[in-house]
Amino acid sequence: VREGFELVGQPLPWLPISLAPHRTVASILWLLPAFAVLLGILRLGSFNAAWIAFVIAFATALSVLIGALQIAGGEKSPWYLYEITNYGVTVGFFSNANHMATLLVVSVPFLAALYMNAHGRGRTAGKSAGLFAMLGGFFCLVIVGLFINASLAGLGLMVPVSAASILMMMRKRKPPIWSLGLLALLTAASVAVVFSNKLDNNLFG
């Protein structure tokens with residue numbers, strides 16, 4: 001849009017943040033089913049936080065597996081679930097690669113929460129170590145999924161989210177004040193790198 005005004009030699013006018021305000025407002029309606037389910041669960045009280053975390057972790061692992069099949073089959077892979085999608089990268093159950101990256105990033109705090117939940121129940125050192133190894137392996141799977149997904153936003157956000165999850169797991173040992181500053185610095189640096197012109201939307205640019 002900006003380049004269009006520059007090509008015709010016109011100054012940039014005032015424009016809303018959204019390029020399609022009516023569609024932005026309409027998209028809010030898409031949130032209604034999710035909010036309805038959330039309110040219903042909270043109202044009925046019929047949910048288990050640990051099971052929700054396990055479902056998210058399982059869905060993420062399955063999505064990475066489907067993404068690997070999508071990459072292996074090339075752009076004509078039958079594993080792409082939508083006709084309009086980002087061919088050539090992993091999208092999993094989604095049609096947009098960034099949505100897949102969002103799921104991968106979101107799964108990390110839930111992994112930390114699962115470990116904290118199990119550790120808080122007084123498990124033996126051996127069981128805690130086994131759980132930590134299993135969740136660590138899953139974290140490596142998420143990292144691999146992000147790299148084959150090739151979403152710059154996902155890779156950038158993974159840094160502060162992982163750091164915050166580690167701090168969350170250290171709740172019994174109060175993290176030093178400087179660690180919060182480091183987390184804020186990592187977040188700012190990650191966002192700056194993702195939106196840097198030097199990358200030019202190329203992962204290795």
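Here the structure is a predicted model, which is why all the values come from computation and not from measurement. (Residues numbered from 1 in each chain as written. Predicted model: local features only at pLDDT ≥ 70, side-chain atom pairs only at ≥ 80, totals over all residues. Heavy atoms only, no water.)

A. Quick look at the overall build of the chain. The number of helices and strands found in the chain is eight helices and zero strands. Each helix and strand of the chain, placed in order from N terminus to C terminus, yields the pattern α-α-α-α-α-α-α-α. Considering the chain as a whole, with its 205 residues, one finds that 26% of them fall into the buried category. Within the chain, counting contacts between residues at least 6 apart in sequence, those at least 24 apart form 54% of the total. Roughly 14100 Å² of accessible area belongs to the chain as shown, and the carbon and sulfur atoms make up 71% of that amount. (Helix = DSSP H or I, 4+ residues; strand = E, 2+ residues; numbered from the N terminus. Buried < 20%, exposed > 50% of the residue type's maximum accessible area, 1.4 Å probe, protein only. Contact = heavy atoms within 4.5 Å. Areas by Shrake-Rupley, 256 points an atom, 1.4 Å probe, with all protein chains shown as cover.)

B. The arrangement of the packing of aromatic side chains in detail. One pass over the full model with this rule turns up two aromatic pairs. With centroids separated by 6.3 Å and ring planes inclined at 55°, the aromatic side chains of Trp 51 and Phe 54 adopt a geometry described as tilted. Here Trp 51 and its partner Phe 54 are both found in helix 4 (residues 49-72), three residues apart, which amounts to about one turn of the helix. With a relative accessible area of 59%, Trp 51 lands in the exposed category. Overall, the relative accessible area of 40% leaves Phe 54 in the partly exposed class. Seen from their ring centres, Tyr 80 and Tyr 87 are 5.0 Å apart, and the 65° between their planes marks the pair as edge-to-face. Take Tyr 80: its relative accessible area is 8%, and that puts it in the buried class. (Phe/Tyr/Trp six-rings, centres within 6.5 Å; stacked < 30°, edge-to-face > 60°.)

C. Representation of the side chain of Ser 77 within the structure. Following the sequence through the fold, Ser 77 ends up in the loop between helix 4 and helix 5 (97-120). Only 3.4 Å separates the side chain of Ser 77 from the backbone oxygen of Leu 69, close enough to count as a polar contact. Leaving out residues up to four positions away in the same chain, Ser 77 has contacts with Leu 69 and Gln 70. (Polar contact = N/O pair within 3.5 Å; in protein donor to acceptor, adjacent residues only side chain to side chain.)

D. A look at unusual backbone geometry. Positive phi values are uncommon outside glycine, yet Ala 150 reaches one of about 65°. Tracing the backbone shows Ala 150 in the loop between helix 6 (125-149) and helix 7 (152-169).

E. Broad picture of the pattern of salt bridges. In this structure the tally under the stated criterion is one salt bridge. Of the charged contacts, one joins Arg 2 and Glu 6 as a salt bridge, the two residues approaching to 3.7 Å between their closest N and O atoms. Taken as a pair, Arg 2 and Glu 6 lie in helix 1 (residues 2-7) at a separation of four residues, close to a single helical turn. The pair formed by Arg 2 and Glu 6 is uniform in burial state, with each residue classed as exposed. (Salt bridge = Lys/Arg side-chain N within 4 Å of Asp/Glu carboxyl O.)

F. Layout of helix 3 (residues 31-44). When the terminal C-alpha atoms of helix 3 are compared, their 20 Å separation across 14 residues agrees well with the 20 Å that a helix rising 1.5 Å per residue should span. The element helix 3 is barely covered by neighbouring structure, given that only zero of its 14 residues are classed as buried. One or two steps after helix 3, the chain reaches Gly 45, where phi turns positive at roughly 70°. (Expected span 1.5 Å × (residues − 1).)

G. How the structure looks around a nonpolar patch on the surface. There is a patch of nonpolar side chains on the surface, built from Val 25, Ile 28, Leu 31, Phe 35, Leu 38, Leu 39, Leu 42, Phe 47 and Ile 52 and spanning about 870 Å² of accessible area. At the level of elements, helix 2 (21-28) and helix 3 are the ones that each hand at least two residues to the nonpolar patch. Position of Leu 42 relative to the elements: it lies in helix 3. (Patch = residues over 30% accessible without salt bridge, like charges linked within 9 Å, V, L, I, M, F, W, Y side chains within 5 Å.)

H. Fine view of the nonpolar core. Counting 19 residues, the largest nonpolar core has Leu 104, Leu 135, Val 142, Leu 146 and Met 158 as its most contacted members. Of all elements in the fold, only helix 4, helix 5, helix 6 and helix 7 reach the threshold of two or more residues within this core. Top contributing element to this core by residue count: helix 5, with nine residues. (Core = buried A, V, L, I, M, F, W, Y, C linked by side-chain atoms within 4.5 Å.)

I. Seen up close, the confidence of the model for the chain. On average, the chain scores 81 in pLDDT, and the residues at 70 or more come to 82%. Helix 4 holds the highest mean pLDDT among the elements of the chain, 89, whereas helix 8 (residues 177-194) holds the lowest, 69. Across residues 201-205, confidence stays below pLDDT 50; counting only partners more than four residues off in sequence or on other chains, it has seven contacts. (pLDDT = per-residue confidence, 0-100.)

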